[in-house]
Amino acid sequence: FSSVKHLNPSTGQQGDGGVLSFMPMQNGDLMVGCCGGGIHRYDQNMNEIPVGIKPGNVKRFSTWSMCRLNDNRTIWMGMQPGIFVYDENTGKGIYHDPPILNKRTIRQLAQDRYGNIWIGTQSLGLFKWTASRAVKDFNAGFEKVKNVPRTLIEKISIDSKGYVWICTMTHGVYKIDPASNEIAEHLTEDGPPQKKLFLNAAAAALEYNDSIMVIVTGAVNIYNTRSNTIRHITSTNGLPSDMVMSVEKDKNGFLWLGLLNGLCRINLEKNTFTYY
């Protein structure tokens, strides 16, 4: 492991804000958003280089999320507050502060198969931006998704079937049909014995394969979408702690879990754990 420090663009001192978001660029660079520390850019050797964003003042924003759109050149950045739409090919972008979002922090962004953007906020719940409604007015594309309560949205992910998975701080996980905005499924800790989450505080949902969703709620929930059953992986099963905050899958099929007190790699097939 190596540790990469960053400088706060406002103070010029070493930044102490946590890293919030990443975005790989087309040329191999890495764009990084830091809490209170602006946006930073690194080359493939992790040397910090100029960010190359115009206008430059947006570099100072806390950037909580980054989403590359299907055109492979446009990147939406969720900020505190507002949304920055960046064109990687030109290096230029436009900052938006839609009134409907009430200057709340934009925690999550994801684009569905129809080209529309799902927006998760700090405390107002879930919003959707429909591209066809925003042709003449960017702000006209936004609407509140009323089926999801006003709460903190921790994670938004799109599965291979096109469903939108919404992880909330207090109300479990919602599976939404993007064509109708209707809830296809709602998973909570109060579900039936074979289909209940470990907790309602859901930090992430990851599609492991065509029949398994991995849902993080402190512990790890393995949801089989074919049998409609959930099993839990907790500290009693070998997990280093029940304080899992994030999950990613690598090209070898290993799951990497971000814990409050470290990092864990899981081999689901062999049920083995490596703790860092």
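Structure shown above.
Residues numbered from 1 in each chain as written. Predicted model: local features only at pLDDT ≥ 70, side-chain atom pairs only at ≥ 80, totals over all residues. Heavy atoms only, no water.

Draft legend 1. Focus on the overall build of the protein chain. Across its full length, the protein chain holds zero helices and 24 strands. Relative to the compact-globule value of 19 Å for 276 residues, the protein chain shows a C-alpha radius of gyration of 19 Å, a close match. Taking the principal axes of the C-alpha coordinates as reference, the protein chain spans close to 50 × 45 × 30 Å. Out of the 276 residues belonging to the protein chain, those deemed buried represent 50%. Surface accessibility of the protein chain: about 13,400 Å² in total, with carbon and sulfur atoms responsible for 49%. Side-chain charges in the protein chain split into 29 positive and 24 negative, and the spacing between the mean points of these groups amounts to 2 Å. (Helix = DSSP H or I, 4+ residues; strand = E, 2+ residues; numbered from the N terminus. Rg over C-alpha atoms; globule rule 2.2 N^0.38 Å. Buried < 20%, exposed > 50% of the residue type's maximum accessible area, 1.4 Å probe, protein only. Areas by Shrake-Rupley, 256 points an atom, 1.4 Å probe, with all protein chains shown as cover. Lys, Arg positive; Asp, Glu negative; His and termini not counted. Charge placed at Lys NZ, Arg CZ, Asp CG, Glu CD.)

Draft legend 2. View of the pairing of strand β13 (residues 153-158). With five bridges connecting them, β13 and strand β14 (residues 164-168) associate as antiparallel partners. Residue Lys 155 lies in a different strand from β14, and its bridge partner there is Cys 167. In sequence, β13 turns back onto β14 through a hairpin of five residues, with Gly 162 there showing a positive phi of about 100°. (Pairing = 2+ DSSP bridges.)

Draft legend 3. Broad picture of a nonpolar patch on the surface. A grouping of Met 243, Met 245 and Leu 260 is seen on the molecular surface, where their side chains present a nonpolar patch of about 320 Å² in accessible area. Inspection of the secondary structure puts Leu 260 in the loop between β22 (255-259) and β23 (262-267). (Patch = residues over 30% accessible without salt bridge, like charges linked within 9 Å, V, L, I, M, F, W, Y side chains within 5 Å. Salt bridge = Lys/Arg side-chain N within 4 Å of Asp/Glu carboxyl O.)

Draft legend 4. Structural detail: the sheet that holds strand β16 (residues 182-187). In space, the four strands of this open sheet follow the order β13-β14-β15-β16, with antiparallel pairing throughout. The open sheet is flanked by β13 and β16, the only strands paired with a single partner. Averaged over all adjacent pairs, the angle separating strand axes in this sheet is 20°, with direction ignored. Here strand β15 (residues 173-177) runs beside β16; their pairing, made up of five bridges, is antiparallel. When the sheet's bridge partners are listed, Val 173 is paired in β16 with Leu 187. (Axes fitted to C-alpha atoms, helices over the stretch in contact; angles between N-to-C directions.)

Draft legend 5. Structural view of the nonpolar core. Counting residues in each nonpolar core, the largest one holds 19 residues, and the members touching the most others are Val 214, Val 220, Val 247, Leu 255 and Leu 257. Of all the secondary-structure elements, those providing two or more residues to this core are β17 (204-209), β18 (212-217), β19 (219-224), β21 (244-249), β22 and β23. Sequence-distant contacts of Leu 255, defined by excluding residues within four places in its chain, comprise Leu 206, Tyr 208, Val 214, Val 247, Glu 248, Lys 249, Cys 264, Arg 265, Ile 266 and Leu 268. (Core = buried A, V, L, I, M, F, W, Y, C linked by side-chain atoms within 4.5 Å. Contact = heavy atoms within 4.5 Å.)

Draft legend 6. View of the sheet that holds strand β10 (residues 117-121). Spatially, β9-β10-β11-β12 is the arrangement adopted by the four strands of the open sheet, whose pairing is antiparallel. Each edge of the sheet is formed by a strand with only one pairing partner; in this case those strands are β9 (106-111) and β12 (142-144). The sheet shows a mean angle of 25° between the axes of neighbouring strands, taken without regard to direction. Pairing between β9 and β10: five bridges, direction antiparallel. Of the residues in β10, the one forming a bridge with Ala 110 is Trp 118.

Draft legend 7. Expanded view of the environment of Asn 139. The residue Asn 139 is located in the loop between β11 (126-129) and β12 in this model. Separated by 43 residues in sequence, Asn 139 and His 96 have C-alpha atoms that sit 8.3 Å apart. Not counting chain neighbours up to four residues away, the residues in contact with Asn 139 comprise Pro 98 and Pro 99.

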